[in-house]
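Next come the chains, spelled out residue by residue.
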Amino acid sequence: MSLSKKPGLPSRLLVGLVSAALAMPAMVPVAYAQSSQQSGAAQLSQAQLSALVAPIALYPDSLVSQVLMASTYPLEVAEASSWQKANSGLKGNALNQALQQQTWDASVKSLVSFPPVLNMMGSELSWTQNLGNAVLAQQSDVMNAIQALRAKAQQSGALQSNAQQTVSGGGSAPIVIQPANPQVVYVPAYNPAVVYGGWPYPAYPPYTYYPPGYVAGTALLSFGVGMAVGAALWGGCHWGGGGWGGGNSLTVNNNTYNNFNRNTNNNWKGVGRGGSSNWQPDMQRRSANMGGAGGGANRDAARDQLRQSMQRDGMSGGDRSGGDRMGSERSGSDRLGGDRAGGSRESSFGRDPGGFGDTRGARFDSGDRFGGGGKSFSGGGRSFGGGGHFGGGRR
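What you see is a predicted model; the values in this text were computed from it and never measured.

**Comments concerning the overall build of the protein chain**
Each helix and strand counted, the protein chain has 12 helices and 14 strands in total. Looking at the protein chain residue by residue over its 395 residues, the buried ones come to 48%. With an accessible surface of roughly 17700 Å², the protein chain has 50% of that area assigned to carbon and sulfur atoms.

What follows is the structure, given as structure tokens:
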């Protein structure tokens, strides 16, 4: 920021103003939790964290862990989401070979195998960035919020073992969600305002994502077609000891991680010879994703344009998807994401059960009931384009 000297402005006064400006601490919106390595980091409350993790808290442990990891690299998530849509026909070895040409973090590459999840993160970059910020600043608290929501879903009867998943724990023990078949993952779709037995934090409504093709029904959780895992899931959750009140951490299965990297990374480096290790964020990569040192000169024009677009649309500023829930101030006319980027872009995250994304009375606009080919899924008088059923193909 530069100050221009106005005619007649005394030089002594100008120097005083500049000195005061430099001495003034930078203001950081509460909406964005900062890195734990920074002093005076803004800490989100349990209510705020719960609203943030509500759409993913009921994912299997391995998948939710990699979502949390990948969220710390939002620029790469945006790139991978766009790339996956353009290369949706790639499978198996062909997909692995194509991924070898990409330089994304392994956590981001892994989500290419789960298009519905990657599409959600790529289309909701403000939420993705908020989540990543919280992971870096309050990893254990984020995981506590997930456990607290799982307990509520278990009490409501929504979270239980079935043909798609195995649920264990409860009470004072952490609740663990695993695929019923270790080689096949079903991504659950659900309404966070309902599945947890009534949302307990009215001041912070849950972020809500309704995927293309989702239809509210009698089941609190619905599942699409299962997706093959292969070596794509190598993350895990360590829920601490003596209850889930603290000491939580994200973990890496070293053998599976090495296998995944060997197949998808030309310059892969092995970690550990066996067992698990704690996940550590790559802060240099993080800085590049956020436009910090090393993030400009080493990136091509397309990446720079993408970063500028994300910043313009609110990734580094206002929150397109309910930022007031994180404590930021906004005008009352800007509550549903209608005009935050100077246009009519809308967020598919709903603000509340009656807001955008509400499935009550929802209909599909064509015979393609899963919104493929850009068909629209409508609800509450608003719509968003679909790119396939959340959780897989047709049900």
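Next comes the rest of the account.
**Here we look at helix H2 (residues 46–53)**
Counting buried residues in H2 gives 7 out of 8 residues, a clear majority hidden from the surface. Taken residue by residue, H2 has Ala-47, Gln-48, Leu-49, Ser-50, Ala-51, Leu-52 and Val-53 as its buried positions. The inward-facing, buried residues of H2 abut helix H8 (125–156).

**Notes on the packing of H2 against H8**
Look at H2 against H8: their axes get within 8 Å of each other, and the N-to-C directions meet at 105°. Considering their axes alone, H2 and H8 lie roughly perpendicular with respect to each other. Residues Gln-46, Leu-49, Ser-50, Leu-52 and Val-53 of H2 lie in contact with H8, whose contacting residues are Trp-127, Asn-130, Leu-131, Ala-134, Gln-138, Asp-141, Val-142, Ala-145, Ile-146, Ala-148 and Leu-149. Classifying every residue of the contact of H2 with H8 by side-chain character gives 11 nonpolar, 4 polar and 1 charged.

**Overview of the environment of Leu-118**
For Leu-118, the location among the structural elements is in helix H7 (residues 115–123). Measuring from C-alpha to C-alpha, the distance between Leu-118 and Ser-81 comes to 5.7 Å, with 37 residues separating the pair along the chain. Sequence-distant contacts of Leu-118, that is, excluding residues within four places in its chain, are made with Val-77, Ala-80, Ser-81, Gln-84, Leu-111 and Val-112.

**Description of the pairing of strand S1 (residues 165–170)**
Within a regular strand, the side chains alternate between the two sheet faces. For S1 and strand S2 (residues 173–179), the ladder comprises 5 bridges, and the chain directions are antiparallel. Bridge pairing in S2 places Gln-165 opposite Pro-179. The hairpin formed by S1 and S2 contains 2 residues between the paired strands, and Gly-171 there has a positive phi angle of roughly 70°.

**What to know about helix H4 (residues 74–86)**
With 13 residues, H4 should cover 18 Å at 1.5 Å per step; its first-to-last C-alpha distance of 19 Å lies within 8% of that length. Taken across its 13 residues, H4 has 10 buried, putting it largely inside the fold. When H4 is considered as a whole, its buried residues turn out to be Pro-74, Leu-75, Glu-76, Val-77, Ala-78, Glu-79, Ala-80, Ser-81, Trp-83 and Gln-84.

Cut-offs used in this document
- Residues numbered from 1 in each chain as written.
- Predicted model: local features only at pLDDT ≥ 70, side-chain atom pairs only at ≥ 80, totals over all residues.
- Heavy atoms only, no water.
- Helix = DSSP H or I, 4+ residues; strand = E, 2+ residues; numbered from the N terminus.
- Buried < 20%, exposed > 50% of the residue type's maximum accessible area, 1.4 Å probe, protein only.
- Areas by Shrake-Rupley, 256 points an atom, 1.4 Å probe, with all protein chains shown as cover.
- Contact = heavy atoms within 4.5 Å.
- Axes fitted to C-alpha atoms, helices over the stretch in contact; angles between N-to-C directions.
- Parallel < 35°, antiparallel > 145°, perpendicular 65-115°, else oblique.
- Nonpolar A, V, L, I, M, F, W, Y, C, P; charged D, E, K, R; others polar.
- Pairing = 2+ DSSP bridges.
- Expected span 1.5 Å × (residues − 1).

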